[in-house]
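Here's the letter readout for the chains.
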Amino acid sequence: MKSLKLTLTVLLLGGVFPVAFGQSFLNKAKVSGNIQMNAQYYIEDSLIGAEKVNNRIRTNTFANINYSNGGFAAGLRYEYYAHPLIDFEKIGYVGEGIPYYYFSYTTKRLEVVAGSFYEQFGSGLVYRSYEDRNLGYDNATRGVKIKAQPYKGITITGVLGKQRNLFEHSGQLRGLDADLSLNELFEKIGDNGFRLGMGASFMSKFEADNDPVYRLPENVAAFAGRANLGYRQFSLNGEYAYKINDPIALNDMIYKPGNALLLTASYAKKGLGIFLTGLRTDNFDFRSNRSALSNNYMINYIPTLTKEHTYMLATQYAYSSQPLGQIGFQGEVRYKIPKKTLLGGKYGTDITVNYSRMHGIQKDTLDDVFDNGGEMGGTLGYSSPFFGAGELYYEDFNMEISHKFNKKWRTILTYMHQVYNMEVIEGHPGEPNVVSDVVIGDIYYSITPKHALHMEVQHLATKQDKGNWLYGMIEYTITPHWFFSLMDAWNYGNSDDNLKIHYYNIGTSYVHDATKVTLGFGKVEEGILCVGGVCRPVPASYGLNLQVVTTF
C-alpha cells in the first residue's frame, strides 16, 4: 500500500508539475489524497442465490491524488475495476484508468476548472454532477467550469463539457447558473431578520439525431427558477423547472415537455423544529443519452421526499424517486422535552415524528399523433392536471424517541409503518403493495472511556413479499484502534421453509493513524440499494471481504 502511494505521488509530482511550474513552485506544494481497496472472496451458495463467479477474488481499487499551491490546485483519480465486485460488474462498472482529473485556479472572486468537476445548480432539478461510490455512481462533467462573483452577493457559474458514465464520456452539456443573495447586496435587510435570495439556471444537451424512424430534437434545454425567503425562525424555499420536448426510451418517445416543482417550508426554535416539503415531477427524466436506462447518463437529480433511514430493516423497502411522474409531500416535527422534567429526565428526551406519502400523477392518454417530420408521427402522450394524483407509490410513518439516562446509557426507540408499491418501484408486474411495520430498539452503553457497547434489535412484520424479519446486532469498540461486530438478519417469516435463512455477518476493524483495515465474513441478501432516491440492484453474495483505506 505504501509503495503504491509513493509511486502515484512521484508520478504526479515528478512527471507533471516540474515541467509546468519548476522546482521552486513545488517547494511550497501540498499533496494530499487517499487510497481505498474493497476486496471480496466469493463463495457459491445456491440457497440464497449467490452464483458461482469467475475470478472469485474481486477488487474495487481507487487512488485520489491532490496537489495545491496557493490558488492553484490539480489532481487525479486512478481507478482499477478490471475484476470488480459482482454488484459493480452487474451495472457495467468494469475497466481501469484515470477517468477523473482536473486543474483549477481560485481567487476571491473567480474559480476556473479544466478537466473533471462536480457541480450543482440550485436544488439539482436541471443539473447535478456528483459521486456516490456506494452506488457505483459518478456522472462528473469533463470540460470547463467558470464560477465568478463579479459583485458581492452575485454568483455566476458556467459549465461546458461531456458527462461521465462508468468509464466513458459522452453527450455535450452547456449550462449557466446565476445566484443572487439580497442579504449580501443590501446588508440592512438582515437587520430586520429577513433572508432573501433568488436564482435561475439553464442547461442544454446536444445529441445527434440518428434515428431512422423518429425526427428527434438534437438540442434539448431545461430552465429553472428558484427563490428563498426567510424571516427569523421561518424559511420558505421553492424551485420550478421546465424541460422542452425530449423523447427518450424511458418515456416511450413522447414529445411532451416536462416540469418539476419543489417547495420547502420550515420553522425552528430552541427545542422545536417543523419541516414540510412537497414535490411534483412530470416527464422530467433528463439524460444526455436518450436510449439510456437505469442510472446511466443522468444530468439532473430529483430528490426523494421520504426519510433516509439508516437501520437495516428500515431500508428493506426504500423509495426510489420517479421523475417521469410523482406527486407527494413529507412533514417532520422534532421536539425536545426539556431537561429536568418528568419525561425529559436529566438530559432531555428527543422525539421525531415523520410522515411522507408519494403518488403517481394522473395521466389522461391523448390521441394526438402529429407529423414530426419522421416516418412515424409524434405524440404528446398524455395530459395531466397539476394536482391530479394517481395510485399510491409509497407511504412512510415513523416515530423516533431518543433518551440519555446517564453518562453510560443511551437508547433510541423507533416505530415505522410503510406501504411500498413493488410493481412500480421495483418493476414487478402484478405484485401487491407491501405493507410493513418495523420496531427498532437501539442501545448504547459506555463501559469505560475507551470501551463501548452498541446493540440493536429490529423486527419487520409483513404478510407480503418474503414475510417477517428479525435482526440483531452487537458492536464492541475499543478506542482508538479496535472495532468488533456480529449481526444477523433472519427471514423467519418466509413461506418457504427452505428460505428461512440467516443472513449473518461478523467483522472487525483496526485503525492506525490515517489507515483503517476492515475484515468481514457473511451473507448479503439480493435486493435494492438506495441512496437519496437513486437505487441500483444488489445481487446475493456470500464470502470474505476486506477493505483498506488510507489517507495522506
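Keep in mind it's a predicted model, so treat the numbers as computed, not measured.

**Q** Looking at this model, I keep getting lost on the pairing of strand β12 (residues 168–181). Mind explaining?
**A** Regular strands show a simple pattern: their side chains alternate between the two faces of the sheet. In terms of strand pairing, strand β11 (residues 154–165) meets β12 through eleven bridges, oriented antiparallel. Opposite V159, over in β12, you have G175 as the bridge partner. Turn length for the β11-β12 hairpin, with the two strands adjacent in sequence and antiparallel, is two residues, and the turn residue L166 shows positive phi of about 60°. Relative to strand β13 (residues 194–206), β12 runs antiparallel, the two sharing ten bridges. Each bridged residue has a counterpart across the sheet, and for L173 the counterpart in β13 is K205.

**Q** Honestly, the state of the cysteines in this entry has me stumped. Any pointers?
**A** Here a disulfide denotes a covalent bond joining the sulfur atom of one cysteine to the sulfur atom of another. For the structure shown, the criterion picks out one disulfide. Put simply, C530 and C535 are joined by a disulfide, and their sulfur atoms are 2.0 Å apart. Where C530 bonds to C535 through sulfur, the torsion about that S-S bond is close to 110°, and the disulfide is right-handed.

**Q** Is there a simple way to explain the side chain of N289 in this structure?
**A** Looking at where N289 falls in the secondary structure, it is placed in the loop between β17 (272–282) and β18 (325–337). A polar contact of 2.7 Å, which involves the side chain of N289, links it to the side chain of S291. Excluding residues that lie within four positions of it along the chain, N289 makes contacts with E207 and Y297.

**Q** Would you mind showing me how to read the nonpolar core here?
**A** What tends to happen in soluble globular proteins is that the nonpolar side chains get buried as a cluster. Residues I48, V126, Y127, M203, Y394 and Y420 are the most contacted members of the largest nonpolar core, which totals 52 residues. Filtering out sequence-adjacent residues up to four positions away, Y420 remains in contact with Y317, A318, Y393, Y394, I425, E426, N433 and V434. Counting nine residues, the second largest nonpolar core, distinct from the first, contains Y42, V53, Y81 and L85.

**Q** Help me out: how do you make sense of the pattern of salt bridges in this one?
**A** Side chains that differ in sign of charge can pair as their charged atoms come close. With the rule as written, the count across this model stands at 27 salt bridges. R357 serves as the salt-bridge partner of E395, at 2.9 Å between the closest nitrogen and oxygen. With E395 in strand β22 (residues 389–404) and R357 in strand β19 (residues 349–361), this pair connects stretches of sequence that are 38 residues apart. D497 is paired through a salt bridge with K500; the nearest N and O atoms lie 3.0 Å apart.

**Q** Whenever I open this one, unusual backbone geometry confuses me. Can you help?
**A** Among all residues save glycine, negative phi is the norm, and among peptide bonds the norm is trans. For the peptide bond that leads from T479 to P480, omega is 5°, which places it in the cis range. Structurally, P480 is set in the loop between β26 (469–478) and β27 (482–490). Positive phi, normally seen in glycine, also occurs at D252, with a value near 60°. The residue D252 is located in the loop between β15 (234–243) and β16 (258–269) in this model.

**Q** Where do I start with the confidence of the model for the chain in this structure?
**A** Regions with low pLDDT should not have their predicted coordinates read in detail. The share of residues in the chain with pLDDT of 70 or more is 95%, and the mean pLDDT across the chain is 91. Here residues 1–21 scores under 50 on pLDDT; set against residues more than four positions off or in separate chains, the count is 30 contacts.

**Q** Is there a simple way to think about the packing of aromatic side chains in this case?
**A** Aromatic rings considered in pairs are described by the distance between their centres and by the relative angle of their planes. By the definition in use, this model includes 28 aromatic pairs. Measuring from ring centre to ring centre gives 5.3 Å for Y100 and Y118, while their planes differ by 15°; the resulting arrangement is stacked. On the criterion of sequence distance, the pair formed by Y100 in strand β4 (residues 95–106) and Y118 in the loop between β5 (110–117) and β6 (119–120) is long-range, its members being 18 residues apart. Taken together, a centroid distance of 6.4 Å and an interplanar angle of 40° make the contact between Y504 and F521 tilted. Of this pair, Y504 sits in strand β28 (residues 502–512) while F521 sits in strand β29 (residues 515–524), placing them 17 residues apart in sequence. Residue class for Y504 comes out partly exposed when judged on its relative accessible area of 28%. Classification of F521 as partly exposed rests on a relative accessible area of 25%. By way of ring pairs, the aromatic residues Y81, F88, Y93 and F167 are connected into one cluster. Positioned above the aromatic ring of Y382 is the side chain of K363, whose terminal nitrogen or guanidinium carbon lies 4.8 Å from the ring centre.

**Q** Would you take a moment to explain a positive patch on the surface for this structure?
**A** On the surface, K270, K339, K340, K346, K404, K407 and R410 cluster together into a patch of positive charge. Turning to its location among the elements, K340 is positioned in the loop between β18 and β19. A relative accessible area of 75% means that K340 is categorised as exposed.

**Q** Sorry if this is basic, but what is going on with a nonpolar patch on the surface here?
**A** On the surface, I274, V333, V353, F397, M399, I401, L413, Y415 and V439 cluster together to form a nonpolar patch covering roughly 670 Å² of accessible area. Contributing elements (two or more residues each) for the nonpolar patch: β22 and β23 (409–420). Top element by residues in the nonpolar patch is β22. It accounts for three residues. Mapped onto the fold, Y415 is located in strand β23. Exposure remark for Y415: the relative accessible area of 31% places this residue in the partly exposed category.

**Q** Quick question: what am I supposed to make of the environment of K336 here?
**A** Mapped onto the elements, K336 comes out in strand β18. Judged by relative accessible area, which is 30%, K336 ranks as partly exposed. Counting along the chain gives 56 residues from K336 to R280, while the straight-line C-alpha distance between them is 32 Å. Once residues within four sequence positions are removed from consideration, K336 is found in contact with G271, Y347, G348, T349 and D350.

**Q** Explanation requested: the environment of K205 in the structure shown.
**A** Mapped onto the secondary structure, K205 falls in strand β13. Under the relative-accessibility criterion, K205 is labelled buried at 2%. For the pair K205 and R174, spaced 31 residues apart in sequence, the C-alpha separation works out to 6.5 Å. Excluding residues that lie within four positions of it along the chain, K205 makes contacts with Q172, L173, R174, E218, N219, V220, D246, F286, R287, S288 and I299. Within the structure, K205 has its side chain in polar contact with the backbone oxygen of R287 (distance 2.6 Å).

**Q** Explain the side chain of H359 here, please?
**A** Mapping H359 onto the fold places it in strand β19. For H359, the side chain forms a polar contact with the side chain of R357, separated by 2.9 Å. Once you skip the residues sitting within four places of it in the chain, H359 turns out to touch G325, Q326, I327, A389, G390, E391, L392 and Y393.

The rules behind each value
Residues numbered from 1 in each chain as written. Predicted model: local features only at pLDDT ≥ 70, side-chain atom pairs only at ≥ 80, totals over all residues. Heavy atoms only, no water. Pairing = 2+ DSSP bridges. Helix = DSSP H or I, 4+ residues; strand = E, 2+ residues; numbered from the N terminus. Disulfide = S-S within 2.5 Å. Polar contact = N/O pair within 3.5 Å; in protein donor to acceptor, adjacent residues only side chain to side chain. Contact = heavy atoms within 4.5 Å. Core = buried A, V, L, I, M, F, W, Y, C linked by side-chain atoms within 4.5 Å. Buried < 20%, exposed > 50% of the residue type's maximum accessible area, 1.4 Å probe, protein only. Salt bridge = Lys/Arg side-chain N within 4 Å of Asp/Glu carboxyl O. pLDDT = per-residue confidence, 0-100. Phe/Tyr/Trp six-rings, centres within 6.5 Å; stacked < 30°, edge-to-face > 60°. Lys NZ or Arg CZ within 6 Å of the ring centre and 35° of its normal. Patch = residues over 30% accessible without salt bridge, like charges linked within 9 Å, V, L, I, M, F, W, Y side chains within 5 Å. Areas by Shrake-Rupley, 256 points an atom, 1.4 Å probe, with all protein chains shown as cover. Lys, Arg positive; Asp, Glu negative; His and termini not counted. Charge placed at Lys NZ, Arg CZ, Asp CG, Glu CD.

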